[in-house]
Amino acid sequence: MSTLSYAARDSVTMFRRNMKRAVRYPTVVVTIVLMPVLFLLLFNYAFGGALGTGIQGPQVKGDYIDYIAPGIILMTVATGSIGAALGVCMDKTEGIVNRFRTMPMSHTSFLTGHVLGNLVQTALGTAVVTAVAFAIGFRPDATALEWLAATGLLAFLAFALTWISAAMGLVAKTVESASNLPMPITLLPFLGSAIVPTDTMPSWMRWFADHQPFTPVNETLRGLLMGTGIGDSGVVALAWCTGLSLVGYLWARSAFHRGARR
């Protein structure tokens, strides 16, 4: 059996382990689903009347729910990344990571198992939030191909954020700090175009909102689902996802091997 085959086998084993733990301890999965659903209901029903009437422009099409639903779906992906930090840090603080380091197994499989397991949980949360959005009036006009492209973009972003979150779990000292480190990731969509267009913001905030990673991803997602203009947002979004994936993977690998040398 080749080295790649061993790594794939060990990764599947780690993936199964993480999925079993998610079933036994569903708190993280519930949080991934509950928080975005609450945000969706809050912004649509509590703030939608005020915010929706003031939103105009080429990126707006349909009711306010049609504007914010892609942004809340994006928030679900960002929120889902926290699970990887918690899972990795729990394993590290309980000492099982050190045990894995001494076993005849692919060391990358530990991280790969966490990343794959967290991607499944994030996909579940995204599906639930999307279903709730449909139930309260979200009406995208995307074709099957556009839905496929939107799903691929969300999966790519989730992959990137999960690797970054896994690295944060490795460098965190406690589980509590591991849950706090990824919080800026979950807040960044609010500072983009998820809730309101960036041109309604003060100039200094608009510059940051336009140049942070979530805004081009959000505009691409909204364009695919609602038929609004995408422009160069698609290329920028893919570039951000690629860069974040590479940074997260290298950071996680470095943190894992650095811990092994201690």
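Heads up: the structure comes first, above all this text.
Throughout this description, residue numbers start from 1 for each chain and increase along the sequence as written. This being a predicted model, a pLDDT of at least 70 is required before a residue's local features are given, and a value of 80 or more before pairs of side-chain atoms are given or counted; all residues contribute to the totals for chains, interfaces and linings. Based on all heavy atoms of the structure, the side-chain values leave hydrogens and waters out of the count.

Peer 1: Go over the packing of helix H4 (residues 64–80) against helix H5 (residues 82–93) with me, naming the residues and quoting the values.
Peer 2: Angles shown run from 0 to 180 degrees and are taken between the N-to-C directions of axes, each axis being a line fitted to C-alpha atoms and, for helices, limited to the stretch in contact. Put simply, DSSP marks the helices as runs of H or I at least four residues long and the strands as runs of E at least two long, and each gets a number from the N terminus on. It is the contact of H4 with H5, at a shortest axis distance of 4 Å, that shows an interaxial angle of 10°. One finds that H4 runs roughly parallel with respect to H5. Judged by residue contacts, Ala78, Thr79 and Gly80 of H4 engage Ile82, Gly83 and Ala84 from H5. Asp, Glu, Lys and Arg are counted as charged, while Ala, Val, Leu, Ile, Met, Phe, Trp, Tyr, Cys and Pro are counted as nonpolar; the rest, among them Gly, fall into the polar class. Residue composition of the contact of H4 with H5, grouped by class: three nonpolar, three polar and no charged. Reported orientations rely on four angle classes, namely roughly parallel under 35 degrees, roughly antiparallel over 145, roughly perpendicular from 65 to 115, and oblique for the rest. Should any heavy atoms of two residues lie within 4.5 Å, those residues are counted as being in contact.

Peer 1: Describe the pattern of salt bridges, naming the residues involved and giving the relevant values.
Peer 2: Salt bridges are counted wherever a side-chain nitrogen of Lys or Arg sits within 4 Å of a carboxyl oxygen of Asp or Glu. Scanning all chains against the criterion turns up three salt bridges. Between arginine 17 and aspartate 91 there is a salt bridge; the shortest N-O distance is 2.7 Å. Here arginine 17, found in helix H1 (residues 3–24), pairs with aspartate 91, found in helix H5; they are 74 residues apart in sequence, far enough to count as distant. Only protein chains enter the accessibility calculation, which uses a 1.4 Å probe. A residue is then buried if its area is under 20% of the maximum for its type, exposed if over 50%, and partly exposed in between. Residue class for arginine 17 comes out partly exposed when judged on its relative accessible area of 23%. Judged by its relative accessible area of 0%, aspartate 91 falls in the buried class. Between aspartate 210 and arginine 206 there is a salt bridge; the shortest N-O distance is 3.5 Å. A residue pair is termed a helical-turn pair when its members lie 3 or 4 positions apart in one helix, as aspartate 210 and arginine 206 do in helix H11 (residues 203–211) at four residues. Assessed through its relative accessible area of 31%, aspartate 210 is described here as partly exposed. For arginine 206, a relative accessible area of 37% puts it in the partly exposed group.

Peer 1: Quick one: what's the story with the packing of aromatic side chains, residue by residue and with numbers?
Peer 2: Within 6.5 Å between ring centres, the rings of Phe, Tyr and Trp (the latter by its six-membered ring) count as paired, and their orientation is classed by plane angle as stacked under 30 degrees, edge-to-face over 60, tilted in between. Within this structure, the stated rule accounts for eight aromatic pairs. Ring centres of phenylalanine 39 and phenylalanine 190 lie 5.1 Å apart, and the angle between their planes is 70°; this geometry places the pair in the edge-to-face category. A residue pair is termed long-range when its members are at least 10 positions apart, and phenylalanine 39 in helix H2 (residues 27–46) and phenylalanine 190 in the loop between helix H10 (183–187) and H11 qualify at 151 residues. The class for phenylalanine 190 is partly exposed, based on a relative accessible area of 25%. Between phenylalanine 43 and phenylalanine 190, the aromatic rings sit 6.0 Å apart at their centres with planes inclined by 40°, giving tilted as the arrangement. Placement of the pair is phenylalanine 43 in helix H2 and phenylalanine 190 in the loop between H10 and H11, with a sequence separation of 147 residues. On the accessibility criterion, phenylalanine 43 (11% relative accessible area) is buried. Connected via pairs of aromatic rings, a cluster forms that spans Phe39, Phe43 and Phe190. Over a ring means this: the NZ of a Lys or the CZ of an Arg is within 6 Å of the ring centre and within 35 degrees of the ring normal. Positioned over the ring face of tyrosine 67 is arginine 222, at 3.7 Å from the centre of the ring.

Taken by themselves, the reported measurements are silent on function.
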